[in-house]
Each structure stands twice: as structure tokens, then as C-alpha cells.
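# Structural description and commentary
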Amino acid sequence: MNVCTSQVAGEEYADFIFRSSGLGLEELSQTYGNNCISYVDGEYAIVHQLLKDSLPISVENHSYLSIPFLYGLLDTTSMERSGILSTFQQPALNSQGEQTIIGFIDTGIDYQNPMFRSPSGTTRILGIWDQTLPGGGFQMEGTHGIPFSFLYGQEYVQENINAALADPNPLSIVPSVDTVGHGTFLAGIAAGGPTPTQNFTGASPACYIGVVKLKPVKQYLRDYYLLPESADAYQSNDLMMAVAYLRLLALRHRMPLVLCIGLGTNQGGHNGYSPFSQVLNNLQQILGISAVCAGGNEVGFRHHYFGRVTQSSAFDEVELKVGDEERGFVMELWANLPEIYTVGFVSPTGEVIDRIPFRAGEDTTVRFSLENTTVTVSYVASIGGQNDFLALMRFSAPTSGIWRIRIYPTLSITGVYHLWLPLHGFLSDDTYFLNADPFTTITSPGNAAFPITVSAYNHLNNSLYIHSSRGYTRDGRVKPDLAAPGVDVFGPGLSSVPGEYPMTRMSGSSVSAAHVAGAVANLYSWGFVQGHYPQINNSSIKAFLTRGASRNPNFTYPNREWGYGTLNLYDSYVSLRD
């Protein structure tokens, strides 16, 4: 049996996601010959294995869902337009997130920024789990007093952060920093306190804050997914563990929790059944927890193709332009069982690869004789027990030019299938489908059932953000749920000079999600903490927000772009009265 060390965050370990199916730690250790296991919840666990014993990484050697997905970042008057400032001005509705926690799973936070402190000067941050810092991990008290282990990174609690703020050298006590700025910006929009000199306030300025700073993707996964070295990416297993940490942080302080998730991926079937999505869906059973997710910024990058082929057709041909010096990418074809499709290829030089036979659970690697390209095809049926078919195609060193992907109907009833390229930023802008479809581009976990999923619009002219992803999910559920300001929004930047805290602007659906996360915290504070609606939960909050959303009389709702309308917290309160 391998000995679990404190180095599971290092490159010598590979991470795999398993459904524990009720197995205890000892049984799971025996099953996988390993005692290096992190439990997420009662359903999922992360098994850390030595990389040298896990290679090669492939669908044939490891199941599709066990290999972590890669998630990327989805990048004032906006508060006024969202009906948030209007509630601050009404004594009966003046809830600003008191005694609630907004938890951010992102790039960290600039904890020294004054907007994250209370009026007395103490921090409102109750805990930071920095996954990037070396250390042997830590334990937290779980339900029924049972210890819950986190095997990597370091935790800093409110007492540590206050001590750091009082010290001339804060980073000597709490060395966690946000070097990207994305997490700090979202925290400012959702939970920043008022800064009168800059005419700014966050949506929930009196709430408490929990933070998980995600560690970057390991090199073995960067290589498996052929990711550019410059791309910021994060592993789904780390996001899953982040949810577990923030749940326990809320349990420790006995407060409602709102998860703010500004990351997404194009991996998975776009129907909300990936492991991370399922972890969020499982929160439905827990009172006092909500999740708000960005819908994505995929429209315009041409990464989705919608196809329809009949049994009488020989094949459907999809044209894919590949840019110069593309390292490679993983493309996924999804359909509903019992339909089965097989694929073939025509390279830019005209070399033809006939249809690759269906062999479930096996990898087939094709090497093109006229170029250096290799393509590995894996067919998988019944993903995670769901009624799904997947054809995964891994292109390594693809020749630039126009590729033709031939989709053969091995067993076709409706003839409907979808193709997705990786998330924007995970491949060059010159790689895209020539006949792309802008719909069904809501990223995971925004396509899961439980979260409140938010698209982005420009609150200054009421136009949809040009890149805002569009619904619905692949199985036809309404997503996004609503839209919120997400274009050129004013918020906190990163400080380059000690004591100076500049403001900046950012666009994207993650910014929209931060607005809604703050609104949800205010509703929890009003309903649960103040006692106006003690039974308030995620489902009722979603209903309140969609019922009170502002709607354009020229549109039909719900729709693929706006969901049920734009965030209007004041009218959501009015709808409760009515």
C-alpha cells in the first residue's frame, strides 16, 4: 500500500475522482490499494496515486469521469440597476448580508483591502484555504464532531488574518495573495464594503467571507489535455474539495452559505451530470446553502456544433478550422443513448481515415502518414449511469487548415448530436467550427440543476454581453436562470503599492454571478437571520429572483439568452409581499 505523504498537491501525484458508493475509508483504501484519499461528501472521493503508477493517462486506463476536468476563469450603477441599492434605502428591506457567508472558489483574495473589513477595522474573512501553499494540510470538525481531513495547502482563520492586518509585515503571518485578481474582483462585487471616496459598494457589504484559492492544474493533466502553457486552469477535484471546505466553514460559524463560482468548462455533456455538478446538486438536501454560477462566455468563439444525421445518410461532415501551431485539443461528441455514432477524418492535406469502429472502453490511435498529427478516439456509453453516449477525440499536433470530421450514424433515431471544443483560452482563437451554433453553450457547472446560473448583460444600454453563453442545457432545462450586469463593471483591482487599492473594470458572466451571489446573501439575511421567512432555501430564492426579474415586453420568457429576465432584487422583495 502506498504511504500518503503531505505532497499530494505536487507533480508526483495524480488525482482521480471516484464515486465512493458508501465505502468507508478502509474499504476504499483496500479497493484502490491506497490510503491517500480525500472525501468530498457521502458520494464522491478523490484518490491520490503516484503518477508513475498511473501513466499513461487515458480513457482506456482510467474512466472518463475519474480524470479531473479543467476549469477556466469566466471573466455603482450596476448595483443600482440590479435593484440592490434600492433595498438598502428601505428600512424594512435593508438587509446587507448580515450573519451570512459568501464563499469564493477562485484565485484568492487581497485580504488587506479595506473593503473586506468591518467598520471596526477587523476582517470579515472567516477563513482562507490556500491550496497553493506548501504544508501537510489540516483538519476541520465535520458533522457529529467527526474530523474531516484536507491533505494539502494551509488554512488561515479570522484570528490569523486580524493578526496579519495588525502587523507591519502582514504576509509574514498570512502569506496568501491573489496574483491574478479575478477572485478579489468578484469578492468586491459580491461582498465589498462601501468606499465613499470611490463611490463603490458591493452587493452584500455586511456579509462574512470564505475563500478558497485554487491551485493551478498539474502538468500531467496539462499534457493530457494538450493545454497551452499560458492558460490558467484548475482541476475539478480541487473545486469539489473547495465546496467541502466552505460547507464546514459555514457549519463552524452556523451561518447560511452562498457559493460564488466564476469558473467553467466545456467538458462533459452540458446536462449537469459531471462530478463537480453532482456535488453541487447534492447540496439540495442541505438547508441554508445556495450556489450561484457563471453561465460562461462562449458565444462568438465558435466552439459548439449542433448536428443532425439520419440513418439513411452515409455520414454528416463537420468542418473544423485549426489554427497555426496549435498544440492540440480534446473534442467531445455527445448524444443520447441508444444512439451510437462513430467518426472518421479527412485531414487538410486530403488524407482520409475511414470510420473508426465502435469498441466501448478502448482507445484507438490513428497516426497520419502525411503529417505529424495523431488522433486518439475513445467511445464511451452510459457515462456515470446516465443515458449518454460520448465519442472523445484527442488531437495531438494537428496540422493547420480545414479538417473534416465525418460523423457516421451507427445507430441513429433522432440523429441529434453535439460537438464541443475546449473552453475559450484553452486553445487558440484560430481554431473553431466553420458552421458553429451559439446555443447550448452554458458551461459546467452552470448547466447543473441546483445552482442559480447567470448570464451577462450591459446595464448601461440593456444589451446582452456579446460573448454571454446561451442555453438551454442539452436535455432542454432552462438555463440561464437570469441575467445580471457583466460588462465593463467597476470593482477592486490588485495593489502594486502597499496601502494603495486601485479600482479596475471587468466583463464576463463571472462578474454577473457575483452580483447575484450578493443578492442571495441579502435574501438569506432577511429571511433566515432576521426571521421574515425562516424556511427560505435555494429553491425559494431561485423562485423569488426569477419572479422579481425585470422583463422586456418585446421578449418571450424564459429564453436562451436572458433566462427569466434581469436581476432586480427590489422587485423580488415586492413579489414576496404580493
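Overview of the structure. (Residues numbered from 1 in each chain as written. Predicted model: local features only at pLDDT ≥ 70, side-chain atom pairs only at ≥ 80, totals over all residues. Heavy atoms only, no water.)

Bringing helix α4 (residues 158-165) into the picture now. I161, A164 and L165 are the residues of α4 that are buried. The arc enclosing the buried residues of α4, seen along the axis, measures out at 100°, which places them on a common side. (Buried < 20%, exposed > 50% of the residue type's maximum accessible area, 1.4 Å probe, protein only. Helix = DSSP H or I, 4+ residues; strand = E, 2+ residues; numbered from the N terminus. Arc of directions from axis to C-beta.)

The next point concerns the nonpolar core. Within the largest apolar cluster, 132 residues are counted, with the highest numbers of intra-cluster contacts made by I102, F150 and L545. For I102, the residues in contact, after removing those within four places along its chain, are A190, A191, S204, C207, Y208, I209, G210, V258, C260, A517, G518 and A521. Listed in part, the 33 residues of the second largest apolar core include F329, F389, F395 and W403. (Core = buried A, V, L, I, M, F, W, Y, C linked by side-chain atoms within 4.5 Å. Contact = heavy atoms within 4.5 Å.)

Moving on to the layout of surface pockets. Roughly 670 Å³ of volume is contained in the largest pocket. Lining of the largest pocket is provided by 28 residues; of these, G142, T143, R247, L248 and L251 occupy positions nearest its centre. Every element with two or more residues in the lining of the largest pocket is listed here: β2 (37-39), β8 (147-150) and α7 (236-253). With five residues, α7 is the largest single contributor of residues to the lining of the largest pocket. (1 Å grid on protein atoms, 1.4 Å probe; cavity = no way out; pocket = protein on both sides within 12 Å on 5 of 7 lines; lining within 4 Å. Points joined across faces, edges and corners; volume = space filled by probe spheres on them.)

All right, on to empty space enclosed by the protein then. In this structure, the largest cavity occupies an estimated 150 Å³ of space. As for the largest cavity, its lining consists of 16 residues, of which Y225, Q267, V330, P422 and L423 are closest to the centre. With four residues, strand β17 (residues 328-336) is the single largest residue contributor to the lining of the largest cavity. Of the residues assigned to the lining of the largest cavity, the class counts are 11 nonpolar, four polar and one charged. (Nonpolar A, V, L, I, M, F, W, Y, C, P; charged D, E, K, R; others polar.)

Here we come to the sheet that holds strand β11 (residues 234-235). Within the open sheet, the three strands sit side by side as β11-β4-β13. Their pairing is antiparallel. In this open sheet, the two edge strands, each paired with only one partner strand, are β11 and β13 (263-264). Where strand β4 (residues 70-73) and β13 come together, two bridges link them in antiparallel fashion. Each bridged residue has a counterpart across the sheet, and for G72 the counterpart in β13 is G264. (Pairing = 2+ DSSP bridges.)

Another aspect to go through is unusual backbone geometry. A cis amide bond links L337 with the next residue in sequence, P338, at an omega value of 10°. Its location among the elements puts P338 in the loop between β17 and β18 (340-346). The peptide bond linking S444 to P445 adopts the cis configuration, its omega dihedral lying at 10°. With respect to the secondary-structure elements, P445 resides in the loop between β25 (432-433) and β26 (452-458). Positioned with a positive phi, L226 is a non-glycine residue whose angle comes to about 55°. Inspection of the secondary structure assignment puts L226 in the loop between α6 (219-224) and β11. Positive phi outside glycine occurs at R254, with the angle close to 55°. Within the fold, R254 resides in the loop between α7 and β12 (257-261).

The subject of this paragraph is a nonpolar patch on the surface. There is a patch of nonpolar side chains on the surface, built from L287, F528 and V529 and spanning about 270 Å² of accessible area. Here F528 lies in helix α9 (residues 509-529). (Patch = residues over 30% accessible without salt bridge, like charges linked within 9 Å, V, L, I, M, F, W, Y side chains within 5 Å. Areas by Shrake-Rupley, 256 points an atom, 1.4 Å probe, with all protein chains shown as cover. Salt bridge = Lys/Arg side-chain N within 4 Å of Asp/Glu carboxyl O.)

Before going further, it helps to examine the packing of aromatic side chains. Tallied over the entire structure, the rule returns 29 aromatic pairs. Taken together, a centroid distance of 6.2 Å and an interplanar angle of 45° make the contact between F358 and F389 tilted. Within this pair, whereas F358 is found in the loop between β19 (352-353) and β20 (363-367), its partner F389 is found in strand β22 (residues 388-396), the two being separated by 31 residues in sequence. For F389, a relative accessible area of 0% gives the class buried. One aromatic cluster is present, built from ring pairs that chain together W129, F138, F148, F150, Y152 and Y245. (Phe/Tyr/Trp six-rings, centres within 6.5 Å; stacked < 30°, edge-to-face > 60°.)

All right, on to the state of the cysteines then. According to the stated counting rule, one finds zero disulfides in the structure shown. Free of any disulfide, C207 has its nearest neighbouring cysteine sulfur in C260, separated by 10 Å. Left unpaired, C260 is separated from the closest cysteine sulfur, that of C293, by 8.6 Å. Taking the relative accessible area as the measure of exposure, C260 reaches 1% and is therefore buried. (Disulfide = S-S within 2.5 Å.)

This paragraph deals with the pattern of salt bridges. Throughout the structure, instances matching the rule amount to 15 salt bridges. Here D15 and K218 are joined by a salt bridge, their closest N and O atoms 3.1 Å apart. Each of the two residues, D15 as well as K218, counts as buried. For R222, the salt bridge identified is with E229, shortest N-O distance 4.0 Å. Judged by its relative accessible area of 53%, E229 is exposed. In the salt-bridge network here, residues are joined through shared partners; they are R222, D223, E229 and R327.

Glancing now at the side chain of D238. Along the polypeptide, D238 turns up in helix α7. Looking at D238, the relative accessible area reads 0%, which means it is buried. A polar contact of 2.9 Å, which involves the side chain of D238, links it to the side chain of K215. Sequence-distant contacts of D238, defined by excluding residues within four places in its chain, comprise Q131, Y152, L214 and K215. (Polar contact = N/O pair within 3.5 Å; in protein donor to acceptor, adjacent residues only side chain to side chain.)

Closest axis-to-axis distance for the α9/helix α10 (residues 538-548) pair is 11 Å, and the angle between their directions is 115°. Helix-helix and strand crossings are classified by hand; for α9 and α10 the assignment is right-handed. When α9 is examined against α10, the residues V516, V520, L523 and Y524 are found in contact with a partner set consisting of N538, I541 and L545. Tallied by class, residues from the contact of α9 with α10 come to six nonpolar, one polar and no charged. (Axes fitted to C-alpha atoms, helices over the stretch in contact; angles between N-to-C directions. Left-handed = near helix turned anticlockwise from the far one by under 90°.)

So, on to the pairing of β17. Most of β17 sits out of view: eight of its nine residues are buried. Pairing geometry for β17 and β22, over nine bridges, is antiparallel. Pairing of A335 across the sheet is with F389, part of β22. Examined bridge by bridge, β17 and strand β24 (residues 416-420) share three bridges and lie antiparallel to one another.

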